[in-house]
Amino acid sequence: MSADKSEHVWFMRRALELARGVWGTTHPNPMVGALVVESGEIVAEGATAPDGGPHAEKAALAALGRAPRPGAVLYVTMEPCCTEGRTGACTESILAAGISKVVIGATDPNPAHAGRGFEVLRERGVEVVTGVLERECADLNLIFNHWVTTGGPLIAAKVASTLDGKLACRTGESRWITNEASRADVHRWRRLFPAIAVGAMTVLKDNPRLTVRLPGVPEWCPWRFVFDGLLRTVVDKNPPHVFTDAFRDRTIVVTTPHGGLGYVRKLREAGIKVWIFESSNQRVPIADFRRRCAEERIPGVFIEGGAQLISELIRARQLDYLFAYHAPVILADEKAKSILTGMRPERLEQGIRLADVRHDMFEGDLLMRGRVVYPEKMLIDESVFAVR
Ligand code: AOF
Ligand code: ZN
């Protein structure tokens, strides 16, 4: 690697750290980090403010508080925007500041930008270096990248299983398969996603709080979706945390007219939101849910279970992204429940694959995550999805 390249990588790592510092706070805007370097030293840093606020480049230039010295270099994890937007084009701020060299991580997939920012700067005489730590910089904004190219939310799911893909012993015991470090990582992803979702059975069985509990930060609550086509979670005795805790106004129950209007009223009276979707059966039509999230500007949903809900999403080709944690434990029991079911592929090419795969290790556990890619033909075992 040339000296120049390794220096770029070093500064870009710092810019990535700055972007990660605003983890989950900029939706639906991306997280971007920027810094100004003069004579090999960082003199100012910035990151994207919450949506509608200043972008990272502007924040870094403002933090400098004076004109950059001749030869100053701006590092930024994503292509500077070149359209007016709500905050004014960053390319214009860069030019106005007299920056003569910009080093960039990822291209902004926003169709209004998509590389035009590079051209705008180059046409005006700025030296532009692109693609530094590109994969990391792009991966950071997996929610934004999906939102800005499809207009809808990234629907992601998390599964945690044994090495042989089991989510519990035959007795049902499942606490805990993955280790503490893996479970702490899940909280990090919860903090990234603006919404979490679970199925009714998970609420009834596990009674999860679905809040983010990370050391050193106050408890935080994303939107909490409960998928419950029949409103089975509305119970008088020991109602679940998500309906009673201090964050209950962050809970949205997603249901169908089969749930019963009395229960809907009861939920709404308790301050809980309810989204009702037409459905010929008790199942919530996921494509309609996706559209509603788009309308409500919720750019990402993190589904934490259960296995039935995630399997249904896959069957409907509605799962966009999967986080699969694996623990180095083998149950080797056919009667132990598998994490995903309902498919009957006869050929390997009918398998569901992950793309843009990333791996992380947590003290022996392994996280494999990636975009879900569906085969042309999926053979489905309808008996698994039969409405009971
Ligand atoms: C940057 N730096 O830090 C971010 C960028 O409506 P606005 O003005 O906030 O513009 C939003 C668009 O700007 C967003 O869709 C994305 O393409 C880009 N975000 N660009 O140069 C940043 N957050
Ligand atoms: Zn910008």
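Residues numbered from 1 in each chain as written. Chains lettered and ligands numbered in written order. Predicted model: local features only at pLDDT ≥ 70, side-chain atom pairs only at ≥ 80, totals over all residues. Heavy atoms only, no water.

1. What about the sheet that holds strand E11 (residues 300-303)?
This is how it is decided: If DSSP finds at least two bridges between two strands, the strands pair. Strands are runs of DSSP state E lasting at least two residues, helices are runs of H or I lasting at least four, and both sets are numbered from the N terminus onward. Angles run from 0 to 180 degrees between N-to-C directions of axes, and those axes are lines fitted to C-alpha atoms, restricted for helices to the stretch in contact. Contacts are assigned to residue pairs with any non-hydrogen atoms lying within 4.5 Å of each other.
Ordered by their spatial adjacency, nine strands build an open sheet running E10-E9-E8-E7-E11-E6-E12-E14-E13, and the pairing between neighbours is mixed. What marks the edges here is a single partner per strand, and that holds for strand E10 (273-276) and strand E13 (353-362). Put simply, the sheet's adjacent strands are angled 20° from each other on average, direction ignored. Where strand E8 (residues 223-227) and strand E9 (residues 251-255) come together, four bridges link them in parallel fashion. When the sheet's bridge partners are listed, Phe225 is paired in E9 with Ile252. Where helix H7 (residues 180-192) meets the sheet, its contacts fall on strand E6 (154-162), strand E7 (195-199), E11, strand E12 (321-327), E13 and strand E14 (365-373), and the angle it forms with E12 comes to roughly 165°. Strands E6, E8, E9, E10 and E11 of the sheet are contacted by helix H11 (residues 286-295), whose axis makes an angle of about 160° with E8.

2. What about the site of ligand 1?
We apply this condition: Here a residue is near a molecule or strand as soon as one of its heavy atoms is found within 4 Å of it. Side-chain atoms alone can form a polar contact between residues adjacent in sequence; in general such a contact is a pair of N or O atoms within 3.5 Å, and within protein one must be able to donate a hydrogen while the other accepts it. Here the Shrake-Rupley method, with its probe set to 1.4 Å, supplies the accessible areas, and only the displayed protein chains count as covering residues. Each residue receives one of three labels: charged for Asp, Glu, Lys and Arg, nonpolar for Ala, Val, Leu, Ile, Met, Phe, Trp, Tyr, Cys and Pro, and polar for the others, Gly being one of them.
Near ligand 1 lie 19 residues; those nearest to it are Thr48, Glu57, Arg86, Thr87 and Asp108. Taking Thr48, its side chain carries an N or O atom lying 2.8 Å from an oxygen atom of ligand 1. The contact in question runs from an oxygen atom of ligand 1 to an N or O atom on the side chain of Thr87, over 2.6 Å. Bound to the protein, ligand 1 loses 93% of the 530 Å² it would expose on its own. For the shell around ligand 1, the per-class residue count stands at eight nonpolar, seven polar and four charged.

3. Description of the side chain of Ser311
The condition is simple: Residue burial is assigned from relative accessible area. The probe radius is 1.4 Å, only protein chains are included, and a residue is buried under 20% of its type maximum, exposed over 50%, and partly exposed in between.
If you trace the backbone, Ser311 turns up in helix H12 (residues 307-315). Owing to a relative accessible area of 2%, Ser311 belongs among the buried residues under this scheme. A polar contact is formed between the side chain of Ser311 and the backbone oxygen of Ala307, at a distance of 2.8 Å. Those residues within four positions of Ser311 in sequence are excluded, and the remaining contacts are Ile339, Leu340, Thr341 and Phe385.

4. Focus on the coordination of the zinc ion (ligand 2)
As a reminder, the rule being used: Metal donors: N, O and S atoms at distances within 2.8 Å, or within 3.2 Å for Na, K and Ca, with water omitted from the atom set so that some sites may seem incomplete. Every angle between 85 and 135 degrees makes a four-donor site tetrahedral, while opposite donors more than 155 degrees apart, with all other angles between 65 and 115, make a four-donor site square planar and a six-donor site octahedral; other sites are irregular.
Around the zinc ion (ligand 2), the protein contributes the donor atoms His55 (ND1), Cys81 (SG) and Cys90 (SG), which lie 2.0 to 2.2 Å from the metal centre. Given four donor atoms and angles of 100 to 116° at the metal, the environment of the zinc ion (ligand 2) is assigned as tetrahedral.

5. A word on the pairing of strand E1 (residues 33-38)
Extensive coverage of E1 is indicated by the burial of six of its six residues. Of the two faces of E1, the one carrying Gly33, Leu35 and Val37 and the one carrying Ala34, Val36 and Glu38 are both buried. Inspection of the sheet shows E1 paired to strand E2 (residues 41-47) by six bridges, in the antiparallel sense. Note on E2: the bridge partner recorded for Val36 is Ala44. Between the end of E1 and the start of E2, which pair antiparallel, lie two residues, with Ser39 showing a positive phi angle near 45°. Bridge analysis of E1 against strand E3 (residues 73-78) gives four bridges, and the strand direction is antiparallel. Among the inter-strand pairings, Val36 is bridged to a residue of E3, identified as Leu74.

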